[in-house]
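# Examination of the molecular architecture
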Amino acid sequence: MKLVVLTGAGISAESGIPTFRGQGGLWRNFKPEELATPEAFAKNPKLVWEWYDWRRQLISKAEPNKAHLLLAELEGKLDSFFLITQNVDGLHQKAGSKKVIELHGNIWRVRCLSCRAEYELYEAPLKEIPPRCLYCGGMLRPAVVWFGESLPKKELSEAFELATRCDVFLVIGTSGVVYPAGYLPFVAKEHGARVVEINLDRTPISDMADLVIRERASVGLEQFLEKMLNL
Ligand code: OAD
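Everything in this summary refers to the structure shown in the same document.

Analysis parameters
- Residues numbered from 1 in each chain as written.
- Predicted model: local features only at pLDDT ≥ 70, side-chain atom pairs only at ≥ 80, totals over all residues.
- Heavy atoms only, no water.
- Helix = DSSP H or I, 4+ residues; strand = E, 2+ residues; numbered from the N terminus.
- Buried < 20%, exposed > 50% of the residue type's maximum accessible area, 1.4 Å probe, protein only.
- Contact = heavy atoms within 4.5 Å.
- Pairing = 2+ DSSP bridges.
- Axes fitted to C-alpha atoms, helices over the stretch in contact; angles between N-to-C directions.
- 1 Å grid on protein atoms, 1.4 Å probe; cavity = no way out; pocket = protein on both sides within 12 Å on 5 of 7 lines; lining within 4 Å.
- Points joined across faces, edges and corners; volume = space filled by probe spheres on them.
- Nonpolar A, V, L, I, M, F, W, Y, C, P; charged D, E, K, R; others polar.
- Domains from an automatic or database assignment.

### Some words on the environment of Phe 147
- With respect to the helices and strands, Phe 147 occurs in the loop between strand S6 (140-144) and helix H7 (153-164).
- A relative accessible area of 35% means that Phe 147 is categorised as partly exposed.
- With 110 residues separating them in the primary sequence, Phe 147 and Thr 37 have C-alpha atoms 5.1 Å apart.
- When sequence neighbours within four positions are dropped, the list of residues in contact with Phe 147 reads Arg 21, Trp 27, Pro 32, Ala 36, Thr 37, Pro 38 and Val 178.

### Here we look at the sheet that holds strand S3 (residues 100-102)
- Taken in spatial order, the six strands line up as S3-S2-S1-S7-S8-S9 in an open sheet, and their pairing is parallel. Taken across any chain shown, the strands that pair with only one partner, and hence form the sheet edges, are S3 and strand S9 (211-213). Across the sheet, the axes of successive neighbouring strands diverge by a mean angle of 20°, strand direction being ignored.
- Bridge count between strand S1 (residues 2-7) and strand S2 (residues 80-85): six bridges; the pairing is parallel. Note that in S2 the partner of Thr 7 across the bridge is Thr 85.
- Across the face of the sheet, H7 comes into contact with S1, S2, S3 and strand S7 (168-172) while running at roughly 120° to S3.

### Points about the layout of surface pockets
- Reported here for the largest pocket is a volume of approximately 1,100 Å³.
- Ala 9, Gly 10, Thr 19, Phe 20 and Arg 21 are the residues nearest the centre of the largest pocket, which is lined by 50 residues in total.
- Listing elements by their share of the lining of the largest pocket, those giving two or more residues are helix H1 (26-29) and helix H4 (45-60).
- If you tally residues by element for the lining of the largest pocket, the top one is H4, at four residues.
- Grouping the amino acids of the lining of the largest pocket by side-chain chemistry returns 25 nonpolar, 17 polar and eight charged.
- Both of domain 1 (1-16 + 65-104 + 151-231) and domain 2 (18-61 + 106-144) provide at least three residues apiece to the lining of the largest pocket.
- Estimated volume of the second largest pocket: approximately 580 Å³.
- Every residue lining the second largest pocket is counted, 30 residues in all, and those nearest its centre are Glu 102, Gly 105, Asn 106, Arg 109 and Ala 143.
- Of all the elements in the fold, those that place two or more residues in the lining of the second largest pocket are H4, helix H6 (91-95), S3, strand S4 (105-112), strand S5 (118-120), S6 and H7.

### Some details on the sheet that holds S6
- With antiparallel pairing, the three strands of this open sheet are ordered in space as S5-S4-S6. Both edges of this open sheet fall to S5 and S6, since each of them pairs with a single strand only. With direction set aside, neighbouring strand axes in the sheet form an average angle of 40°.
- The pairing of S4 with S6 spans four bridges and is antiparallel.

Structure follows, in structure tokens:
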């Protein structure tokens, strides 16, 4: 069986990382247009970096939960398994997942606005805000995708390609309202895959999904593995 999994912020909720939407979601207290757009960064890089520094500190203390760990195990067990994530927290990799298609970048990566160098920077809290490029001293930005920006080409085309040729497309913990990632379950369905959703709440994916598991990610994934894969 060819399995493709798409994850969103909900899979990291049990690790103590706040989601963006829904109960306790970051976008209830913060405005995305002030913190997660290129315009916001151009206007006030210090404010944007302070927000990222806070999130980086939170994430640095977080551990992968059962759901991340189960997916990492699955990668070794199935012949055809692919993991696509909208998350930037790196918890899939920390859980042991080897190949993760990151659609929205990674919060531990930075990119220089002057020389374009891109590299990993694990310092949290940051000593200097905004941080400076280690090669040229230029201003760094988080290497994540902000609203209004394009997703990385290679990752995006790989994700869409995978959606067209899987048997089961499993969606875990995403509100499904941010595009183009939100199209992936629909593309999979159009191409004949069975779509399974694990989410605490109803989403635009729920009505078309072949199976909806209304549980938190860890419990839902255990149920899915028992039911669908007899694992
Ligand atoms: P959201 O915060 O939009 O959605 C999280 C989803 O997870 C919601 O549907 C919740 O119901 C669900 N959820 C919450 N806790 C859960 C749990 N313990 N188990 C299972 N489900 C749970 O997060 P994303 O869909 O990932 O982009 O958001 C997509 C993008 O919007 C993010 O990558 C980010 C954000 O703005 C950018 O910053 C560009």
